[in-house]
Amino acid sequence: MHVLVLGSGVIGTCIAYYLAKAGHQVTVVDRQAGPALETSFANAGEVSPGYSAPWAGPGVPIKAIKWMLMHHSPLVIKPMLDPSMWRWGMAMLRNCTEAAYQVNKSRMVRVAEYSRDCLKQLRAETGITYDERTQGTLQLFRTPKQLDGVGKDVEILQQSGVPFQVLDREGYLAYEPALALVKHKFVGALRLPGDETGDCHLFTRKLAAMAEALGVRFRFGVSITGIDHDGQRVTGIRSDAGPLTADHYVLALGSYSTALLKPVGIDIPVYPVKGFSITVPITDAAMAPESTIMDETHKVAVTRLGDRIRVGGTAQLSGFDLSLDEGRRKTLEFVVSDLFPRGGDISRAEFWTGLRPMTPDGTPIIGKTRYDNLTLSTGHGTLGWTMAAGTGRVVADLLSGRRPEIPVDDLAVARYA
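K.L.:
I tried to follow the overall build of the chain on my own but got confused; where do I start?
P.N.:
When its secondary structure is counted, the chain shows eleven helices and 19 strands. Computed over C-alpha atoms, the radius of gyration of the chain comes to 21 Å, within 12% of the 22 Å expected from 2.2 N^0.38 for 417 residues, which places it in the range of a compact globule. Expressed as lengths along the three principal axes of its C-alpha atoms, the size of the chain is roughly 65 × 45 × 40 Å. Taken over 417 residues, the chain has a buried fraction of 59%. In the chain, 77% of the contacts between residues at least 6 apart in sequence involve partners at least 24 apart.

K.L.:
Would you mind going over helix H2 (residues 60-69) with me for this structure?
P.N.:
By the burial criterion, the buried members of H2 are Val-60, Ala-64 and Trp-67. For H2, the angular spread of buried residues about the axis comes to 65°, placing them on one side. Exposed residues pointing more than 90 degrees away from the buried face of H2 are listed as Ile-62, Ile-65, Lys-66 and Leu-69. In this fold, the buried residues of H2 make contact with strand E4 (75-77).

K.L.:
How do you make sense of the sheet that holds strand E18 (residues 365-368) when you look at a structure like this?
P.N.:
Within a sheet, neighbouring strands are paired by backbone hydrogen bonds and run either parallel or antiparallel to one another. Spatially, six strands are ordered E9-E2-E1-E12-E19-E18 in an open sheet, and the strand pairing comes out mixed. Unpaired on one side and paired on the other, strand E9 (217-220) and E18 mark the two borders of the sheet. Along the sheet, successive strands turn relative to each other by an average axial angle of 15°, direction set aside. By the bridge criterion, four bridges tie strand E2 (residues 25-30) to E9 in an arrangement that is parallel. Bridging from a neighbouring strand, Thr-27 pairs with Arg-217 of E9.

K.L.:
In this structure, what is going on with helix H11 (residues 384-399)? I would like to understand it.
P.N.:
Bending of H11 peaks at approximately 35° at the position of Gly-390. With 15 of its 16 residues buried, H11 lies for the most part within the structure. At the exit of H11 stands Gly-401, carrying a positive phi of roughly 80°.

K.L.:
Would you mind going over the environment of Glu-113 with me for this structure?
P.N.:
For Glu-113, the position within the fold is in helix H4 (residues 98-126). With 75 residues separating them along the chain, Glu-113 and Glu-38 place their C-alpha atoms 25 Å apart. In this view, Glu-113 contacts Pro-49, Gly-50 and Val-162; residues no more than four positions away in its chain are not counted. Engagement of the side chain of Glu-113 in a polar contact is seen with the side chain of Arg-116, the distance being 2.8 Å.

K.L.:
Would you mind showing me how to read the packing of aromatic side chains here?
P.N.:
For any pair of aromatic rings, the description rests on two quantities: the centre-to-centre distance and the angle between the ring planes. Evaluated as defined, the whole model comprises eight aromatic pairs. Ring centres of Tyr-17 and Tyr-18 lie 5.4 Å apart, and the angle between their planes is 80°; on these two criteria the pair is classed as edge-to-face. When its relative accessible area of 4% is taken as the criterion, Tyr-17 is described as buried. Ring centres of Tyr-130 and Phe-203 lie 5.2 Å apart, and the angle between their planes is 80°; on these two criteria the pair is classed as edge-to-face. Residue Tyr-130 is found in the loop between H4 and strand E5 (137-141), and its partner Phe-203 is found in helix H8 (residues 200-213); the two are separated by 73 residues along the sequence. Assigned by exposure class, Tyr-130 and Phe-203 land together as buried. One aromatic cluster in this structure is built from Tyr-130, Phe-203 and Trp-385.

K.L.:
Looking at this structure, how should I read the pattern of salt bridges?
P.N.:
Once the charged atoms of two side chains with opposite charge are near each other, the side chains can pair. This model, assessed by the stated rule, comprises 24 salt bridges. For the salt bridge of Lys-299 with Glu-296, the shortest nitrogen-to-oxygen distance reads 2.5 Å. The buried category is assigned to Glu-296, whose relative accessible area is 15%. The residue Asp-307 makes a salt bridge to Arg-308 at a minimum N-O spacing of 3.9 Å.

K.L.:
How do you make sense of the nonpolar core when you look at a structure like this?
P.N.:
Side chains of nonpolar character tend, in soluble globular proteins, to be buried together. Among the nonpolar cores identified, the biggest contains 46 residues, and Val-5, Val-10, Ile-15, Leu-19, Phe-203 and Val-216 are the most heavily contacted of them. When residues of this core are traced back to their parent elements, those giving at least two are strand E1 (2-6), helix H1 (10-21), E2, H4, H8 and H11. Ignoring sequence-local partners within four residues, the contact set of Val-216 consists of Ala-16, Ala-20, Val-26, Val-28 and Ala-211. Leu-167, Tyr-172, Leu-173 and Val-182 belong to the second-largest nonpolar core, a separate cluster that totals 27 residues.

K.L.:
Is there a simple way to think about a nonpolar patch on the surface in this case?
P.N.:
The grouping of Ile-65, Met-68, Leu-69 and Ile-77 at the surface amounts to a nonpolar patch, some 390 Å² of accessible area in total. Per-element tally for the nonpolar patch: the top contributor is H2, with three residues. Inspection of the secondary structure assignment puts Ile-65 in helix H2.

K.L.:
Where do I start with the side chain of Ser-115 in this structure?
P.N.:
Mapping Ser-115 onto the fold places it in helix H4. When neighbours within four sequence positions are excluded, Ser-115 is seen to be in contact with Thr-386, Met-387, Ala-388, Ala-389 and Gly-390.

K.L.:
What am I meant to see in the side chain of Asn-373 here?
P.N.:
Turning to its location among the elements, Asn-373 is positioned in the loop between E18 and strand E19 (374-378). Non-local contacts of Asn-373, meaning those with residues more than four positions away in its chain, are made with Arg-233, Val-234, Asp-247, His-248 and Tyr-249.

What counts and how
Residues numbered from 1 in each chain as written. Predicted model: local features only at pLDDT ≥ 70, side-chain atom pairs only at ≥ 80, totals over all residues. Heavy atoms only, no water. Helix = DSSP H or I, 4+ residues; strand = E, 2+ residues; numbered from the N terminus. Rg over C-alpha atoms; globule rule 2.2 N^0.38 Å. Buried < 20%, exposed > 50% of the residue type's maximum accessible area, 1.4 Å probe, protein only. Contact = heavy atoms within 4.5 Å. Arc of directions from axis to C-beta. Pairing = 2+ DSSP bridges. Axes fitted to C-alpha atoms, helices over the stretch in contact; angles between N-to-C directions. Bend = angle between axes of the 7 residues up to and from the residue. Polar contact = N/O pair within 3.5 Å; in protein donor to acceptor, adjacent residues only side chain to side chain. Phe/Tyr/Trp six-rings, centres within 6.5 Å; stacked < 30°, edge-to-face > 60°. Salt bridge = Lys/Arg side-chain N within 4 Å of Asp/Glu carboxyl O. Core = buried A, V, L, I, M, F, W, Y, C linked by side-chain atoms within 4.5 Å. Patch = residues over 30% accessible without salt bridge, like charges linked within 9 Å, V, L, I, M, F, W, Y side chains within 5 Å. Areas by Shrake-Rupley, 256 points an atom, 1.4 Å probe, with all protein chains shown as cover.

Shown next, in the form of structure tokens:
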């Protein structure tokens, strides 16, 4: 079967690779000049199944107000006359219940844990390298209230069989010794030893080359403009390079999926949530992080990628605006300097922004649509890198007529009906 994959971020590239491994003829189309040049380019670097959790949860509306009033705020909302933003926000508020949080987090952990296992298998089979580390994630708490509030997450981790450790100051220093300089700032931590780290952009480029070796054709510099259909099946894709046809179509366009699907009657609640990162050269390896640290107060991740520190986080609701905001840069610089004051040279930091495709319930949209030959894979939010390998495997299984190794029926767009 000839499959046309729309999008060559980490999600689309993983799908193409696994489809090719399953014996399909695959073409990937993307408007950029190469793979992983948008949201997958400079993300936080975390492969964090244990940290998979929806942004919508009990108490979040009140927390959001407090976050926006912080000097180094993890959340910024730029008021706009954008009905889709307000609809998305209202849908997110409806998910801020204990029951919804439990369901959504369990779905996310299921996909993320499976994906991490697929990534391990992929490394073993191919030998792919991407500045990866397998030393876990450390979620740092600055206040006793934050530490006490970890109970509901621990309960879900236990139900899902995800290993974890709740650590005091001396406990977390055993894993991140460079934090000894600032240990008085934190009261404890949650460690997720099964989590990993790595350079998503480097991984995607290498996997794209492996996919090409399997026969996948990548068509870069091609902008997709529309979807044609006969009511039951997609008949082709319109592009600035002319019509594109295949037997089956997989849409993996992240935040840009929503506008493409709406004219053909598929309404998905995916909205772009802008994130930022800086990449800092390491100046003293002993004073830099060993793996990933998540500052719970500022919602910022600090990750070691080879000889660099990647600092990623903050959330800005401002549509498809890709301008770089100096205020967000200062927040990222503050966090890395506060945690690792001797680790890197922030004067040489590279600043980046990208649009995370977020659903209001935090769970990605993976699966079939009203059209027999159109499959969706979008809405992974901040966890695209974490869920990429598993998503690729699931989509390849679905299109090959195999039952995926994890339940996926509750991931399809039909759940919003």
